[in-house]
Amino acid sequence: MRLKKYGSVINIVYRFGKEWCLDSCYNPHLSPYLNMGEFRKEKLGLLIVFIDADTGRVEAIRYQKLVDKWRDKLADMIDEEQSKKSVILEMYHIEVVKLYQRYTSKELFENAYENRCLIEDWQMPMVVMFNE
């Protein structure tokens, strides 16, 4: 898992196996109540859920513990964006579109060579049971 900032877009890229790359874009102005003091103190992890967009089926769930160095780099990027008074969401969405027009997920992964964080090879069972 890697991290890189493009303008106001914070891009988090995940690579599973040799070829399969996925990414997600973020801007902290989308989370107005994020407390950075608490964020920097916490041990963080991500729960990554792979959902087939056609069927809505959960294909895999992975947990990623974030090392402190990676968390601190993300926090620095968030602090930088939060120091700006606001972001125009239409411009943010335009930046995201331009990013995806310019790069594939694999290229975004290769661009973000710094701040590596290895994804654990752990998956929850494929069958998920719900109680009503």
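Residues numbered from 1 in each chain as written. Predicted model: local features only at pLDDT ≥ 70, side-chain atom pairs only at ≥ 80, totals over all residues. Heavy atoms only, no water.

## Remarks on the pattern of salt bridges
Selection criterion: Take a side-chain nitrogen of Lys or Arg and a carboxyl oxygen of Asp or Glu: if they are within 4 Å of each other, that pair is a salt bridge. To qualify as a helix, a DSSP run of H or I must reach at least 4 residues; to qualify as a strand, a run of E must reach at least 2; elements of each kind are numbered from the N terminus. Only protein chains enter the accessibility calculation, which uses a 1.4 Å probe; a residue is then buried when its area is under 20% of its type maximum, exposed when over 50%, and partly exposed in between.
Taken as a whole and assessed by the stated rule, the structure comprises eight salt bridges. Residue Lys-5 pairs with Glu-80 through a salt bridge whose shortest N-O separation is 3.6 Å. Placement of the pair is Lys-5 in strand E1 (residues 2-6) and Glu-80 in helix H2 (residues 68-82), with a sequence separation of 75 residues. A relative accessible area of 43% places Glu-80 in the partly exposed class. A salt bridge links Arg-71 to Asp-68; its shortest N-O distance comes to 3.2 Å. With Arg-71 and Asp-68 both in helix H2 and three residues apart, the pair spans about one turn of that helix.

## Here we look at the sheet that holds strand E3 (residues 20-26)
The following threshold applies: Here, a strand pair is defined by DSSP locating no fewer than two bridges between the strands. What counts as an axis is a line fitted to C-alpha atoms, over the stretch in contact for a helix, and the angles between N-to-C directions run from 0 to 180 degrees. The criterion used for residue contact is that any of the two residues' heavy atoms lie within 4.5 Å.
Taken together, the three strands give an open sheet; going across it, the order is E1-E2-E3, and neighbouring strands pair in antiparallel fashion. The open sheet is flanked by E1 and E3, the only strands paired with a single partner. Across the sheet, the axes of successive neighbouring strands diverge by a mean angle of 25 degrees, strand direction being ignored. One ladder, built from seven bridges, connects strand E2 (residues 9-16) with E3; its direction is antiparallel. In the sheet register, Asn-11 faces E3, and the bridge partner there is Cys-25. Contacting E1, E2 and E3, helix H3 (residues 89-102) runs over the sheet at an angle of about 160 degrees to E3.

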